[in-house]
Amino acid sequence: MAGGNVLVIGSGGREHALGWKLSQSTHVKKVYFAPGNGGTPENVNVRQNDVEGLVAFAKKLPDCLTVVGPEESLSLGVVDAFEKEGLRIFGPTKEAAMLESSKVFAKEFMKKAGIHTAEFATFADAASAIDYIKKQDRPLVVKADGLAAGKGVMVCDSARQAIDAVEKIMVDKEFGPAGGRVVVEERLSGEEASFIAICDGRDIVPLASSQDHKRVFDGDKGPNTGGMGAYSPAPVVDGQLHDKIMKRVMEPVVKEMQGRGTPFKGFLYAGIMVNESTGEPCVLEFNARMGDPECQPIMMRMESDLYEYVDAAIEGRLGRMPPIRWKDKVAVCVIMASKGYPGSYKKGEAIEGLDSVFDAEVFHAGTARDQQGRVVTNGGRVLGVTGIGSDARQAIDSAYSAVRKIRWGENGHYYRTDIARRAMR
């Protein structure tokens, strides 16, 4: 393994955490971020959706290995473009990434592959979807077909809410082209877990389990977000459940993708609902990339060299790699968001207190540098403050102790106060 430079595509907390971990490898000379954020050290002025610009930069960088962070880049075919030029890149092709970029594709894929998921119907017009909803006598979930930054899934308590969700997506076109079709599915109950693995198109190396908190308010209330916090490991994923998810979910995905001639290479993420009465796993969604904010606590716990596994996946030799080593600790990430997120919020507010955090890692997401070089807010999810400890209580205390030292604007920030509480039970 020769090693060299690494390019991380993206600008969020996930990308900061991936770059942070990759920079610790003895095989890596330097990590570049395109475009990066106010906390990433070596930024390149190329947007994550500028495929030609990304290819041009990678061509100029000697011995470059590229890791794709965001779903947007994958859906635009950045991996296809890099591979066409003979450049080394870790992530699925545009066709394989449809597991995430199209909810309709993902549900039909699961049906074909025999993967357990909620009962569903798909619609290309609002009237048909609304007519279907009126005939249902159970709680529903409405999903925009395309990418909507984690906000296109509406968990509904009533038929009225489900109809409103369809109108928001298909009539008001709140998510633009992403709302051209919708999935209406049965609402499942139980405990959620995130199961993420590294794949090379044939073999699978699982990462540590984690759990995300998608709703904006404490107690899992309010609208869905890109994620307000996460922790690892998730106690709900014990050894038995881990094996079930590998055999019933991850392996069938890789086999089906291989059979279609579109092998899946990259981070494969299955959002799992664990049935509260049977303990059986059911797939809520797939993502074709590392989770955000799950990435932050997972990277904090990873002892092995991430670069070695990414390199092996690109070269198709993941099956010869040993299992990943993990710290026998708990890591907790608390997202500090701009007040108003996931709705409208202010940008450009100077962030104070970053220099006073010593007992946690602060991964930047929606941040930038102003003309004075100050770190300022530049997005909805601003920071992922991540603590680690020998148990959940220690990790929670570490994360929230750091969170309380950071502030911006006049009451300009918001965070949930109950991240990882389930891990305490």
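### Observations regarding the overall build of the chain
And then number 1: Secondary structure summary: the chain contains 13 helices and 24 strands in total.
And then number 2: Relative to the globule expectation of 22 Å for 425 residues, the C-alpha radius of gyration of the chain, 21 Å, shows essentially globular dimensions.
And then number 3: By principal-axis analysis of the C-alpha atoms, the chain measures approximately 60 × 55 × 40 Å.
And then number 4: Counting across all 425 residues of the chain, residues that qualify as buried make up 58%.
And then number 5: For the chain, the proportion of contacts with a sequence separation of at least 24, taken over those separated by at least 6, is 70%.
And then number 6: Working note: accessible area of the chain is about 17700 Å², and carbon and sulfur atoms make up 46% of it.
And then number 7: Taking the average place of the 55 positive charges on the side chains of the chain and the average place of its 57 negative ones, the gap between the two points comes to 1 Å.

### Remarks on the nonpolar core
And then number 1: Of all hydrophobic cores here, the largest spans 52 residues; its most connected members are Val78, Leu99, Ile115, Val249, Met250 and Phe286.
And then number 2: With residues up to four places along the chain from it excluded, the contact list for Leu99 reads Phe105, Ala106, Phe109, Val253, Met257, Phe264, Leu268 and Phe286.
And then number 3: Of all hydrophobic cores here, the second largest spans 34 residues; its members include Phe33, Met300, Met321 and Ile324.

### Examining the packing of helix H7 (residues 126-134) against helix H8 (residues 159-171)
Working note: a packed helix pair is described by the angle between its axes plus the distance between those axes.
And then number 1: Taken N-terminus to C-terminus, the directions of H7 and H8 make an angle of 170°; their axes are 10 Å apart at the nearest point. In terms of their interaxial angle, H7 and H8 are classed as roughly antiparallel. Counted together, Ala126, Ala129, Ile130, Ile133 and Lys134 of H7 and Ala159, Ala162, Ile163, Val166, Glu167, Met170 and Val171 of H8 form the full contact between these two elements.
And then number 2: Here the contact of H7 with H8 is composed, by residue class, of ten nonpolar, no polar and two charged.

### What to know about the environment of Val183
And then number 1: Locating Val183 in the fold gives a position in strand S8 (residues 182-186).
And then number 2: The class for Val183 is buried, based on a relative accessible area of 0%.
And then number 3: When sequence neighbours within four positions are dropped, the list of residues in contact with Val183 reads Lys103, Val104, Lys107, Phe120, Ala121, Thr122, Val141, Val142 and Lys143.

### Thoughts on the sheet that holds strand S16 (residues 281-287)
And then number 1: Pairing is antiparallel across the open sheet formed by four strands, whose spatial order is S10-S9-S15-S16. Two strands lie at the open edges of the sheet, namely strand S10 (204-206) and S16, each paired on one side alone. Strand-to-strand twist across the sheet, computed as the mean angle between neighbouring axes with direction ignored, equals 35°.
And then number 2: Bridge count for strand S9 (residues 190-200) against strand S15 (residues 265-275) is eleven bridges, and the pairing is antiparallel. Bridging across to S15, Glu191 finds its partner in Val274.
And then number 3: Relative to the sheet, helix H11 (residues 306-314) contacts S9, S10 and S15, its axis offset from that of S9 by approximately 65°.

### Describing H7
And then number 1: Within H7, burial applies to Ala126, Ala129, Ile130, Tyr132 and Ile133. Buried positions in H7, seen along its axis, are confined to an arc of 160° and lie on one side of it. Within H7, the exposed residues directed more than 90 degrees away from the buried face are Ala127 and Lys134.
And then number 2: The inward-facing, buried residues of H7 abut strand S5 (120-123), strand S6 (140-144), H8 and S8.

### Here we look at the sheet that holds S5
Remark on secondary structure: sheet strands pair via backbone hydrogen bonds, oriented parallel or antiparallel.
And then number 1: Within the open sheet, the four strands sit side by side as S5-S8-S6-S7. Their pairing is antiparallel. Looking along the sheet, the strands with just one partner apiece sit at the ends: S5 and strand S7 (153-155). Each neighbouring strand pair of the sheet contributes to a mean axis angle of 15°, computed without reference to strand direction.
And then number 2: Contacting S5, S6 and S8, H7 crosses the sheet at an angle of about 155° to S5.
And then number 3: In the packing of H8 onto the sheet, contacts are made with S5, S6, S7 and S8, and the angle to S6 comes to roughly 5°.

### A look at the pattern of salt bridges
Any two side chains of opposite charge can pair if their charged atoms end up close together.
And then number 1: With the rule as written, the count across this model stands at 35 salt bridges.
And then number 2: Of the charged contacts in the structure, one is a salt bridge between Glu71 and Arg14, with a shortest N-O distance of 3.9 Å. Residue Glu71 is found in helix H3 (residues 71-75), and its partner Arg14 is found in helix H1 (residues 13-22); the two are separated by 57 residues along the sequence.
And then number 3: Here Arg14 falls in the buried class, since its relative accessible area comes to 7%.

### Focus: the packing of helix H6 (residues 103-113) against helix H9 (residues 239-259)
And then number 1: Interaxial distance between H6 and H9 falls to 10 Å at its minimum, and their mutual angle equals 95°. As summarised for this structure, H6 and H9 are arranged roughly perpendicular, according to the angle between their axes. Of the residues in H9, those touching H6 at Phe105, Phe109, Lys112 and Ala113 are Pro252, Val253, Glu256 and Met257.
And then number 2: The class makeup of the residues in the contact of H6 with H9 is six nonpolar, no polar and two charged.

### So, the packing of aromatic side chains
And then number 1: Throughout the structure, instances matching the rule amount to seven aromatic pairs.
And then number 2: Relative to Phe57, the ring of Tyr32 has its centre 5.7 Å away and its plane inclined at 65°; by these criteria the two rings are edge-to-face. Pair noted here: Tyr32 is in strand S2 (residues 28-35) and Phe57 is in helix H2 (residues 51-60), with a separation of 25 residues, a long-range link.

### Some words on the layout of surface pockets
And then number 1: Of the voids in this model, the second largest pocket is the one considered here, and its volume is about 370 Å³.
And then number 2: Those elements that place two or more of their residues in the lining of the second largest pocket are S7, H8 and strand S13 (221-224).
And then number 3: Residues of the lining of the second largest pocket, tallied by class, amount to seven nonpolar, three polar and five charged.

Conventions adopted
- Residues numbered from 1 in each chain as written.
- Predicted model: local features only at pLDDT ≥ 70, side-chain atom pairs only at ≥ 80, totals over all residues.
- Heavy atoms only, no water.
- Helix = DSSP H or I, 4+ residues; strand = E, 2+ residues; numbered from the N terminus.
- Rg over C-alpha atoms; globule rule 2.2 N^0.38 Å.
- Buried < 20%, exposed > 50% of the residue type's maximum accessible area, 1.4 Å probe, protein only.
- Contact = heavy atoms within 4.5 Å.
- Areas by Shrake-Rupley, 256 points an atom, 1.4 Å probe, with all protein chains shown as cover.
- Lys, Arg positive; Asp, Glu negative; His and termini not counted.
- Charge placed at Lys NZ, Arg CZ, Asp CG, Glu CD.
- Core = buried A, V, L, I, M, F, W, Y, C linked by side-chain atoms within 4.5 Å.
- Axes fitted to C-alpha atoms, helices over the stretch in contact; angles between N-to-C directions.
- Parallel < 35°, antiparallel > 145°, perpendicular 65-115°, else oblique.
- Nonpolar A, V, L, I, M, F, W, Y, C, P; charged D, E, K, R; others polar.
- Pairing = 2+ DSSP bridges.
- Arc of directions from axis to C-beta.
- Salt bridge = Lys/Arg side-chain N within 4 Å of Asp/Glu carboxyl O.
- Phe/Tyr/Trp six-rings, centres within 6.5 Å; stacked < 30°, edge-to-face > 60°.
- 1 Å grid on protein atoms, 1.4 Å probe; cavity = no way out; pocket = protein on both sides within 12 Å on 5 of 7 lines; lining within 4 Å.
- Points joined across faces, edges and corners; volume = space filled by probe spheres on them.

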